[in-house]
Amino acid sequence: MFGVSPEWLLDEDGVPVADALVLSHPDQVDRLAAACPEAAHTAVLGGDPCFDRMLAALPRRDAFRRALGVRSGQRLLVLNSTWNPTSLFGDGGPDDVLPLLLSRLPELPLDEYRVAVVLHPNVWHGHGPGQVRLWLDGARRAGVALVDPVADWRQALIAADAVIGDFGSVSYYAAALGTPVLLAATGGTVLDGGSQVAAFVRAAPRLDPYAALAPQVADLLARGEVPTGPAELTTSDPGRSAALLRTLFHRFLGLPEPAAPALLDPLPLPAHQPAAVTAPVRVLTRTAGDGAVEVRRFAAARHEPPGDGAGHLVVHEDTLDPGLLAHADVIVRQGAADDVRLGPPLPWAERTLARHRSGTLAVQVTGPGSCTVRHRSGAAWELTGAADGIDPAAAASALLAAGLRPGVLTVRSGGTDHRVTVTPVR
């Protein structure tokens with residue numbers, strides 16, 4: 001068993017190599033005694049400082065969600081993989097479901113889901129950052145965020161509404177925090193059947209990689225069921241690891257403990273990572289009976305998305321395939337209105353629509369809740385909404401569907417209504 005077998009704990013003379021083996025729960029002490037009785041006397045219950053840092057940061061969940069670019073009405077879905085040939089980010093063998101899973105991410109409406117990926121550091125170091133980013137390039141262009149595997153993965157777990165993962169510690173921690181987990185890889189050949197992780201894997205629901213993804217995620221969120229094992233067995237002393245470990249360290253050093261309380265570093269606020277979608281986006285719009293414009297957007301859709309409503313194509317100026325701009329109904333770019341590299345929005349919009357004759361609107365997203373829109377006729381508007389509300393590019397699509405009228409526009413996405421002010425621009 002990894003970490004508690006004699007080959008890990010004893011030297012060539014059968015003597016424990018460590019004076020103290022820090023464990024987080026009595027269940028682990030029992031497993032150590034069964035696996036390597038020669039080292040059982042070294043066991044010390046010291047809590048789990050990693051989990052304690054997450055527990056202490058729970059009040060900052062909203063800030064973490066905003067940092068990861070999660071907007072009002074969106075659910076954050078975290079994909080994670082440990083480091084093993086049978087993990088979610090595995091060796092590409094016949095049981096590797098990652099290619100199927102990545103191909104199904106475009107089924108999730110952009111304004112209803114934000115997707116982030118957490119990979120074990122050894123995945124990055126083993127294959128190299130360039131190779132990992134290349135494998136995930138299509139997902140990144142469709143708006144998927146790659147989370148720093150050292151500094152920010154805990155914050156992503158705190159912010160998550162649901163997790164798709166495997167038998168690694170990240171999935172286990174997610175369940176310990178009460179977040180629903182869908183397992184895409186179970187590690188049946190590498191887990192000790194008597195371990196707490198194996199018990200969690202047996203109890204957690206499974207992802208069907210051959211079935212539509214959106215209904216599976218929606219069902220996971222609706223049920224909200226989480227196996228109880230991780231919350232009970234991650235640590236027997238939640239919130240006390242700093243004190244327990246400091247007492248242990250000072251005992252070994254033969255020094256008295258300081259009078260001040262033992263503390264752990266708080267989790268830092270990650271850098272802002274807004275969704276950046278440069279893949280083509282298929283948009284479906286429909287005007288509801290109350291006048292709200294319902295918008296559903298799908299990035300990199302391989303097929304016409306399901307649902308009623310009029311459809312149009314939105315293409316980013318930085319699209320990988322510039323030929324798609326000739327077919328776009330709406331052309332979009334990002335940049336502040338005073339960005340000297342880009343120049344003013346309206347002249348750019350005029351040139352863009354003159355260059356691409358099929359385009360109806362050109363849109364510059366100027367901030368988290370604002371954009372400048374120009375119509376082929378020359379009419380132009382400023383759209384403003386909440387900074388964490390609907391994506392301004394989605395609001396521009398709603399404006400097109402609503403008939404390009406000034407005033408207050410209600411944009412509905414995923415059951416959430418967003419108010420957007422439409423102001424004419426001379």
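Please read all numbers here as calculations on a predicted model, not as lab measurements. (Residues numbered from 1 in each chain as written. Predicted model: local features only at pLDDT ≥ 70, side-chain atom pairs only at ≥ 80, totals over all residues. Heavy atoms only, no water.)

This part is about the overall build of the protein chain. Looking only at helices and strands, the protein chain features 16 helices and 16 strands. Taken along its principal axes, the extent of the C-alpha atoms in the protein chain is 85 × 55 × 40 Å. Within the protein chain, the fraction of its 426 residues that count as buried is 48%. Long-range contacts, defined here as pairs at least 24 residues apart, represent 61% of the contacts in the protein chain between residues at least 6 apart. Here the protein chain displays about 19800 Å² of accessible surface, and carbon together with sulfur accounts for 55% of that area. Looking at the protein chain, you have 36 positive and 45 negative side-chain charges, and the mean spots of the two groups are 12 Å apart. (Helix = DSSP H or I, 4+ residues; strand = E, 2+ residues; numbered from the N terminus. Buried < 20%, exposed > 50% of the residue type's maximum accessible area, 1.4 Å probe, protein only. Contact = heavy atoms within 4.5 Å. Areas by Shrake-Rupley, 256 points an atom, 1.4 Å probe, with all protein chains shown as cover. Lys, Arg positive; Asp, Glu negative; His and termini not counted. Charge placed at Lys NZ, Arg CZ, Asp CG, Glu CD.)

A general feature of soluble globular proteins is that nonpolar side chains tend to end up buried together. Among the nonpolar cores identified, the biggest contains 33 residues, and Met54, Leu76, Trp153, Leu157 and Phe200 are the most heavily contacted of them. Where this core is concerned, the elements lending two or more residues are helix H3 (49–57), strand S3 (75–81), strand S4 (113–119), helix H9 (153–159), helix H10 (169–176), strand S7 (181–183) and helix H11 (196–203). Sort the elements by how many residues they give to this core and H10 lands first, with six residues. (Core = buried A, V, L, I, M, F, W, Y, C linked by side-chain atoms within 4.5 Å.)

Bringing unusual backbone geometry into the picture now. A positive phi angle, close to 55 degrees, is found at Ala300, a residue other than glycine. Residue placement: Ala300 occurs in the loop between strand S9 (293–299) and strand S10 (310–316). Within the chain, Leu404 stands out as a residue other than glycine whose phi angle is a positive 60 degrees. Turning to its location among the elements, Leu404 is positioned in the loop between helix H16 (392–402) and strand S15 (407–413). Assessed through its relative accessible area of 18%, Leu404 is described here as buried.

Next up on the list: the environment of Val373. Topologically, Val373 is positioned in strand S13 (residues 370–375). Relative accessible area serves as the criterion here: at 0%, Val373 is assigned to the buried category.

Here Ser358 shows up in the loop between helix H15 (345–355) and strand S12 (361–367). For Ser358, a relative accessible area of 32% corresponds to the partly exposed category. Residues within four places of Ser358 in sequence aside, it is in contact with Leu325, Ala326, His327, Ala328, Asp329 and Arg376. For Ser358, the side chain forms a polar contact with the main-chain oxygen of Ala328, separated by 3.2 Å. (Polar contact = N/O pair within 3.5 Å; in protein donor to acceptor, adjacent residues only side chain to side chain.)

For the rest of this paragraph, the subject is the pairing of strand S6 (residues 162–165). Burial along S6 is two-sided: the face carrying Ala162 and Ile164 and the face carrying Val163 and Gly165 are both buried. Where S3 lies against S6, three bridges are found, and the strand directions are parallel. What sits directly across from Val78, in S6, is Val163. With three bridges joining them, S6 and S7 adopt parallel strand pairing. Each bridged residue has a counterpart across the sheet, and for Ile164 the counterpart in S7 is Leu182. (Pairing = 2+ DSSP bridges.)

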